[in-house]
Amino acid sequence: MRLLQERWVLALATLAPDDRLPYATPLFYAVAALPGCPAPLLVFASRADTCHGRAIADGPTAVAAAIYLETETVGEVRGVQLRGDVVVSTRLGPEAAASLRAAYLERHPVAAAHLGERDLLYALAIEWAKLTDNRIGFGKRLVWTFEPAWRRQFPVGSGEETALR
């Protein structure tokens with residue numbers, strides 16, 4: 001999905017820790033891939049003490065997201081709606097966390113000076129995506145699904161050999 005590479009900001013939706021109130025926030029992201037992970041990954045930086053950080057905790061946590069091109073021209077509407085699971089990148093082991101950090105900083109080099117001790121990198125494994133692209137036909141929608149990365153196939157760090165559940 002080229003649109004993921006073309007955009008810079010995603011709108012991430014989580015449920016507040018009380019599980020009753022939805023919360024959305026814009027976040028800069030980078031697209032990444034890890035060996036053994038079949039789903040596309042979106043990496044973003046944030047802090048654990050934000051509303052969405054508290055909702056995600058260490059993960060895996062189900063989220064929704066949207067990435068879109070702003071336009072007033074109906075025929076140029078393009079965007080993608082996403083669902084997936086988010087984990088703190090350090091849960092994936094040191095090599096994976098370093099790879100995700102490198103992908104994020106390659107896309108957003110200015111962030112290197114701002115990623116401090118309180119900042120975390122999170123990885124969103126896309127499980128479902130719906131692309132809307134009115135340039136190829138009004139209301140044209142394409143849907144993709146991917147195997148759940150964290151719950152079934154991707155091992156966590158710290159020597160664990162089982163997948164996150």
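Further up the page is the structure itself.
Figured I'd write up the structure that's included with this text. (Residues numbered from 1 in each chain as written. Predicted model: local features only at pLDDT ≥ 70, side-chain atom pairs only at ≥ 80, totals over all residues. Heavy atoms only, no water.)

1. Observations concerning the side chain of serine 89
So, step 1. Tracing the chain through its elements places serine 89 in the loop between strand S5 (78-88) and helix H3 (94-107).
So, step 2. Here serine 89 falls in the buried class, since its relative accessible area comes to 4%.
So, step 3. In contact with serine 89, other than residues within four places in its own chain, are Ala97, Leu100, Leu121 and Tyr122. (Helix = DSSP H or I, 4+ residues; strand = E, 2+ residues; numbered from the N terminus. Buried < 20%, exposed > 50% of the residue type's maximum accessible area, 1.4 Å probe, protein only. Contact = heavy atoms within 4.5 Å.)

2. Considerations on H3
So, step 1. For H3, spanning 14 residues, the distance from its first C-alpha to its last is 20 Å, which sits close to the expected 20 Å at 1.5 Å a residue.
So, step 2. The set of residues buried in H3 consists of Ala96, Ala97, Leu100, Ala103, Tyr104, Leu105 and Arg107.
So, step 3. Where H3 is buried, its residues touch helix H1 (2-6), strand S2 (22-32), strand S3 (41-47) and strand S6 (119-133). (Expected span 1.5 Å × (residues − 1).)

3. With respect to the packing of aromatic side chains
So, step 1. In the structure shown here, the tally under the stated rule is one aromatic pair.
So, step 2. Ring centres of phenylalanine 44 and tyrosine 122 lie 5.3 Å apart, and the angle between their planes is 15 degrees; this geometry places the pair in the stacked category. Taken together, the residues span a long stretch of sequence, with phenylalanine 44 in strand S3 and tyrosine 122 in strand S6 at a distance of 78 residues. Grouping residues by exposure puts phenylalanine 44 and tyrosine 122 together as buried.
So, step 3. Sitting over the ring of tryptophan 128, arginine 83 keeps its end group 4.0 Å from the ring centre.
So, step 4. Directly above the ring of tryptophan 8 sits arginine 107, whose terminal nitrogen or CZ lies 3.9 Å from the centroid. (Phe/Tyr/Trp six-rings, centres within 6.5 Å; stacked < 30°, edge-to-face > 60°. Lys NZ or Arg CZ within 6 Å of the ring centre and 35° of its normal.)

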